[in-house]
Structures are given as structure tokens and as C-alpha cells.
Amino acid sequence: MKPFDYVRASTVEEATAAYAALPGARYLGGGTNLVDLMKLGVEQPLALVDVSRLPLDAVEELPDGSLRVGAMVRNSDLAAHPVVRDRYPALSQALLAGASGQLRNVATTGGNLLQRTHCPYFQDVSKPCNKREPGSGCGARDGVHRDHAVLGHSPQCIATHPSDMAVALAALDARIELYGSEGARSLAAADFHRLPGDRPEQDTEIRPGELITGVVLPTATAGLPSVYRKARDRASYAFALASVAAVLRVSDGVVAHAGLAFGALAHRPWRARTAEQALTGAAPTAAAFERAVDLELAAARPLRDNAYKVPLARGLALDVLTRLAEPVRI
Ligand code: SF4
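What counts, and at which threshold
- Residues numbered from 1 in each chain as written.
- Predicted model: local features only at pLDDT ≥ 70, side-chain atom pairs only at ≥ 80, totals over all residues.
- Heavy atoms only, no water.
- Helix = DSSP H or I, 4+ residues; strand = E, 2+ residues; numbered from the N terminus.
- Rg over C-alpha atoms; globule rule 2.2 N^0.38 Å.
- Buried < 20%, exposed > 50% of the residue type's maximum accessible area, 1.4 Å probe, protein only.
- Salt bridge = Lys/Arg side-chain N within 4 Å of Asp/Glu carboxyl O.
- Near = heavy atom within 4 Å.
- Nonpolar A, V, L, I, M, F, W, Y, C, P; charged D, E, K, R; others polar.
- Pairing = 2+ DSSP bridges.
- Contact = heavy atoms within 4.5 Å.
- Axes fitted to C-alpha atoms, helices over the stretch in contact; angles between N-to-C directions.
- 1 Å grid on protein atoms, 1.4 Å probe; cavity = no way out; pocket = protein on both sides within 12 Å on 5 of 7 lines; lining within 4 Å.
- Points joined across faces, edges and corners; volume = space filled by probe spheres on them.
- Domains from an automatic or database assignment.

1. Regarding the overall build of the protein chain
Counting its secondary structure elements, the protein chain contains twelve helices and twelve strands. Here the C-alpha atoms of the protein chain give a radius of gyration of 20 Å, agreeing with the 20 Å that 2.2 N^0.38 yields for 330 residues. Its C-alpha atoms give the protein chain principal-axis dimensions of roughly 60 × 50 × 35 Å. Relative to its full complement of 330 residues, the protein chain shows a buried share of 53%.

2. Comments concerning the pattern of salt bridges
The tally for this structure, following the rule as stated, stands at 22 salt bridges. Asp124 serves as the salt-bridge partner of Lys127, at 3.1 Å between the closest nitrogen and oxygen. Since its relative accessible area comes to 34%, Lys127 is described here as partly exposed. One salt bridge connects Asp203 with Lys131, and the closest N-O pair in it is separated by 2.6 Å. You can see Asp203 sitting in the loop between α9 (189-192) and β8 (211-217) and its partner Lys131 sitting in the loop between α7 (109-114) and α8 (165-171), a full 72 residues away along the chain. The same class applies to Asp203 and to Lys131, which are both buried.

3. Describing the site of the ligand
Near the ligand, the surroundings consist of 15 residues, among which Cys119, Cys129, Cys138, Cys157 and Ile158 are the closest. The class makeup of the residues in the shell around the ligand is ten nonpolar, four polar and one charged.

4. Points about the pairing of β8
Of all seven residues that make up β8, seven are buried, and the element is covered over most of its length. Where strand β5 (residues 67-70) and β8 come together, four bridges link them in antiparallel fashion. Counterpart to Val69 in the pairing with β8 is Val215. Of the strand pairs in this sheet, strand β6 (residues 175-180) and β8 are connected by five bridges, and their pairing is antiparallel.

5. Some words on the side chain of Thr109
Mapping Thr109 onto the fold places it in helix α7. With near-sequence residues (within four places) excluded, Thr109 lies in contact with Val69, Gly70, Ala71, Val73, Asn75, Leu78, Met165 and Val215.

6. Topic: the sheet that holds strand β1 (residues 5-8)
The three strands are arranged β1-β3-β2 in an open sheet whose pairing can be described as parallel. Edge positions in the open sheet fall to β1 and β2 (25-28), since each of these has one partner strand only. The sheet shows a mean angle of 25 degrees between the axes of neighbouring strands, taken without regard to direction. The pairing of β1 with strand β3 (residues 47-50) spans four bridges and is classified as parallel. Each residue of the ladder has a partner; that of Asp5, found in β3, is Ala47. Along the sheet, helix α1 (residues 12-21) makes contact with β1, β2 and β3, crossing β2 at roughly 155 degrees.

7. Examining empty space enclosed by the protein
Evaluated as defined, the whole model comprises three cavities of 30 Å³ or more. Counted as a void, the largest cavity has a volume near 80 Å³. Around the largest cavity sit 17 residues that line it, and Cys119, Cys129, Asn130, Cys138 and Cys157 are the ones nearest its centre. Tallied by class, the residues present in the lining of the largest cavity amount to ten nonpolar, six polar and one charged.

8. Focus: the domain arrangement of the protein chain
Taken as a whole, the protein chain is organised into domain 1 (1-54) and domain 2 (226-329). Between the C-alpha centres of domain 1 and domain 2 there is a distance of 37 Å.

9. Notes on the side chain of Asn112
Counting through the fold element by element, Asn112 comes out in helix α7. When neighbours within four sequence positions are excluded, Asn112 is seen to be in contact with Asn75, Leu95, His161, Ser163 and Met165.

10. Things to note about the sheet that holds strand β12 (residues 270-271)
Taken in spatial order, the four strands make up an open sheet running β9-β10-β11-β12, and their pairing is antiparallel. If you trace the sheet from one side to the other, it starts and ends with β9 (226-231) and β12, each paired once. One ladder, built from two bridges, connects strand β11 (residues 254-263) with β12; its direction is antiparallel. Of the residues in β12, the one forming a bridge with Ala261 is Arg271.

11. With respect to unusual backbone geometry
With phi around 65 degrees, Asp173 is a residue other than glycine that occupies positive phi space. The class of Asp173 is partly exposed, set by a relative accessible area of 31%. Although it is not a glycine, Asp252 adopts a positive phi angle of roughly 55 degrees. Looking at where Asp252 falls in the secondary structure, it is placed in the loop between β10 (242-251) and β11.

Below is the structure:
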């Protein structure tokens, strides 16, 4: 590991100022991804700005009924929070589906969003990887890519985003709060991560030096039936092969609200807007669910070894939509 400077910030303003003053800096939260990547030589920051002691560790109910989650709230605490379990069950389920208990105790909400791909070529500095070293090529495209993207990939990169939590946030219409040199702003969770295009080194729409300060879960999806399902190679401590977060409200016999997002299919959580549009206003029948999901997955472009992901994701989506609609049918 290369030597680096270390600064511990006690306020958001102090953190962003320190970042701006230290070329080659990275923010350090729980460190569960960044420190691993530093050990592998993938990340080589010249300085770490430790934001783990910032006063961003609260989950607060806001006057308008939304729920604000501080960026430093640990994944375990967020998953177990009674309001999250009650009003946003898909988020709690997604968090518990991620990593291990030990990692969830340390990993932060902000850090979860910023974790990097687990593409093995990205993590091996002896291999070509456009994300780690722009212009060096993509080892995975003609190599081992069973776990890689089937939607929205580019000739430069076929990686997937590894977060479970981010998939639930996208389906729940959450917003990500940011603070930087130009002040505070927020982005829809579904728009926070980006597709690779010709800049795969850029995972998100975050601006240089901006810090994630929190996540807001809206009133619009509070209390709606929601669920997260994940398929993986073993029952725990494994990244998704495909996952689905779904939110469904049925009123007067038709779908009044549908939120659907896929995980592990693309470089970002894949908000299934086409399926949502097809579902809204339709009766919640098996035929309607199949039509909507098939319309969405028609955009899939599987690679040599990962075509299995399309029927896997289809099955997961149909299963969760059916389960969410069941109480109304009875
Ligand atoms: Fe790198 Fe992306 Fe190719 Fe993986 S898929 S080797 S992260 S460029």
C-alpha cells in the first residue's frame, strides 16, 4: 500500500474543504470497500478524509412524513430501524441481503452507494480494465463475464453495480442528498448511478469533491407493499446474479402505482420504466405482469455466457409482482 495523508473531519464543511485542499483525496466512511481496493492497489489515494465521525448518523422522520437517513447510518442499523421495516420493507430486505453481518455493522449508507464493481478484472491490476485504467481495454468482454451486464452495457465496459440497497432505493423513489463546493443538491436515486458509455471510470453523477450527506425516502411510497428478492450462488455473503425491488399499489382493481428496479443486470440499478408504464392502470393479472416484464427485458443484450440472467430476472420479477398483488385478489 502506498503512503497517504489522513485527515479526520468533524463537520460536512470541514470535510469538503479538506477534500478540496488535498489533491488525490478520497472520503473514508466505513472503509469496507475502499480499504480493500487500496490493499489490492486498485485505489491509490494520496489522502483520506475520514468522514465517519460526521454528525450524519441519524434516521429522522421529517414533518412532511418522509424519512431522512444520514449518510453515516450503518447498514445494520438502517435494516433494523422500525420505521424502515414497517414503511419501506424492500429497503430493509435489500440491506439484509447484502454482504455479511460484520460488514453491515460497519458499512455506511453513503458508502454502500459508492461501492465499486466486483468485476474481477477491475480488482486485478495485472489485467486490462477501462474502468480502472481508461483506454486499457476490457478484459471481461472476451473473458469471464458470467456475472456481468445484460442491459445498458457499452463496448468499453460490461460491469454491474454491486449494491442491493441502491436497487431498493431506486424502486422506492428515494433521493440522494449531496453537498459540495456549489452547495447542497439532491438527485433521484434512480439517476445517481450512470451507464458506462465511453466513460466507464465514472460510476455516478456525483461531482468532484461532493459528499453524500443523506438519503430521503419519500412519503409517496411510505407504507406501500414492497419487496426485494435476490438470486445468488449461495445463500449469504454473495453478490446478486439478478435481483428485483418492487413496489405495488392496487386500487379499484387496477395498478395505481408501480415501482420496479432490477439489480445486477446493468452498470446501475435498472429502473424498469417501460414495465412500470405498462403496469400502471392495468389489472394486476399474471398476463399483465408477464407483458410488462417482457417489454422491459426486450432491451437485454446478453453476452456469450450470461444469457441465463434474462429468464432469471424475469422469474424473480413475476414472482414478486404476483406476491405483492395477492392480498388484493383474496
Ligand atoms: Fe473493467 Fe468494466 Fe471491463 Fe470489468 S467490465 S474489465 S470493470 S471495463
